[in-house]
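Here's the letter readout for the chains.
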Amino acid sequence: METLQKKEHWENIYGTKQANEVSWFQQYPKTSMEFIELFSLHKDSKIIDIGGGDSHFVDALLEKGFENITVLDISATAIEKAKARLGQRAENVWWIVADITEFEPEEKYDFWHDRAAFHFLTTEEQADKYVEIANKGIAIGGHLVLGTFSENGPKKCSGLDIKQYSEVSMSAKFEKYFKRIKCITEDHQTPFNTIQNFMFCSFQKEN
Ligand SMILES: C[S@@+](CC[C@H](N)C(=O)[O-])C[C@H]1O[C@@H](n2cnc3c(N)ncnc32)[C@H](O)[C@@H]1O
């Protein structure tokens, strides 16, 4: 799928659905915040949420007092919705509208988070490009947390094909630059009372 088509898809989703009408909605991103706790980040650590959409991850980070947060998404509508929800607090966040596969990081982030964006990169070429971009954008010693549908999860998300990952396949994809720290699976309960099994893995950038 070309960037323009992908962007149209996501602008349409965020332009027509309420936050709790999409399967990935979470009132509180518990698993993601547990990884934040695990890595004992400083309040001024640079954190980026890739494909953050209008997720409440940024709200939870602001609540905890984190001061250097960036949210990147392909959809300008998603970003506008998140900003509107946060009100004045949105001024304390960096916002980037971009396709992750074309992102050229200008910072070295200490914590790179991605819940259910990476899994839309279904070709080896796109996924490998993501790994290279993550490597450029993460500081040495920094952490990467990725959540995708697991091999027991759905094969589609938002009507688009996705690539499922296991602990082994996700680790293999990132092992060129990243050491695996911890992987867990999570049953996400959608607003429609269905279950989606996720694989979350955390990694540390070695050098
Ligand atoms: C399934 S939603 C997950 C949203 C959010 N991470 C969460 O957990 O609530 C996928 C998100 O990734 C974004 N996205 C999809 N492909 C992208 C790409 N190539 N570059 C940047 N963002 C992308 C979508 O706009 C959407 O916000």
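Residues numbered from 1 in each chain as written. Predicted model: local features only at pLDDT ≥ 70, side-chain atom pairs only at ≥ 80, totals over all residues. Heavy atoms only, no water.

Visitor: Lay out the pairing of strand β1 (residues 46-50) with the relevant residues and their values.
Guide: Summarising burial for β1: 4 of the 5 residues are buried, a large majority. The sheet contact formed by β1 and strand β2 (residues 68-73) spans 5 bridges and is parallel. Across the sheet, the residue bridging to Ile50 is Leu72, located in β2. Chirality of the crossover, the property in question, places the unit of β1, helix α3 (residues 57-63) and β2 among those that are right-handed. Bridge analysis of β1 against strand β4 (residues 109-115) gives 4 bridges, and the strand direction is parallel. Directly across from Asp49, in β4, lies its bridge partner His113. (Buried < 20%, exposed > 50% of the residue type's maximum accessible area, 1.4 Å probe, protein only. Helix = DSSP H or I, 4+ residues; strand = E, 2+ residues; numbered from the N terminus. Pairing = 2+ DSSP bridges. Right-handed = clockwise from strand over helix to strand, strands pointing away.)

Visitor: If you had to explain the state of the cysteines to someone new, which residues and values would you point to?
Guide: Per the counting criterion, the structure on display carries 1 disulfide. Each sulfur in the disulfide pair Cys183 and Cys201 lies 2.1 Å from the other. Between Cys183 and Cys201, the S-S torsion sits near 110°, and that sign places the bridge as right-handed. Remark: Cys201 occurs in strand β9 (residues 195-205) and Cys183 occurs in strand β8 (residues 178-189); sequence separation between them is 18 residues. Like Cys183, the residue Cys201 is buried in the burial classification. Of all cysteine sulfurs in the structure, the one in Cys201 sits closest to Cys157, which takes part in no disulfide; the separation is 18 Å. (Disulfide = S-S within 2.5 Å.)

Visitor: Give a description of the sheet that holds β1 that names residues and reports values.
Guide: Spatially, β3-β2-β1-β4-β5-β9-β8 is the arrangement adopted by the 7 strands of the open sheet, whose pairing is mixed. In this open sheet, the two edge strands, each paired with only one partner strand, are β3 (93-97) and β8. Taken pair by pair, the neighbouring strands of this sheet meet at an average axis angle of 15°, ignoring direction. Pairing of strand β5 (residues 138-149) with β9 involves 7 bridges; the strand directions are antiparallel. (Axes fitted to C-alpha atoms, helices over the stretch in contact; angles between N-to-C directions.)

Visitor: Provide a residue-level description of the packing of aromatic side chains, including the pertinent values.
Guide: Enumeration according to the criterion identifies 15 aromatic pairs in this entry. Taking 5.1 Å as the distance between ring centres and 75° as the angle between the ring planes, the aromatic pair formed by Trp10 and Phe120 counts as edge-to-face. With Trp10 in helix α1 (residues 3-16) and Phe120 in the loop between β4 and α5 (124-137), the pair connects residues that are 110 residues apart, well separated along the chain. Given the relative accessible area of 11%, Trp10 is considered buried. Considering the side-chain rings of Phe149 and Phe198, the 5.1 Å spacing of their centres and the 80° angle between planes classify their relative orientation as edge-to-face. (Phe/Tyr/Trp six-rings, centres within 6.5 Å; stacked < 30°, edge-to-face > 60°.)

That's the geometry; what it means functionally is another story.
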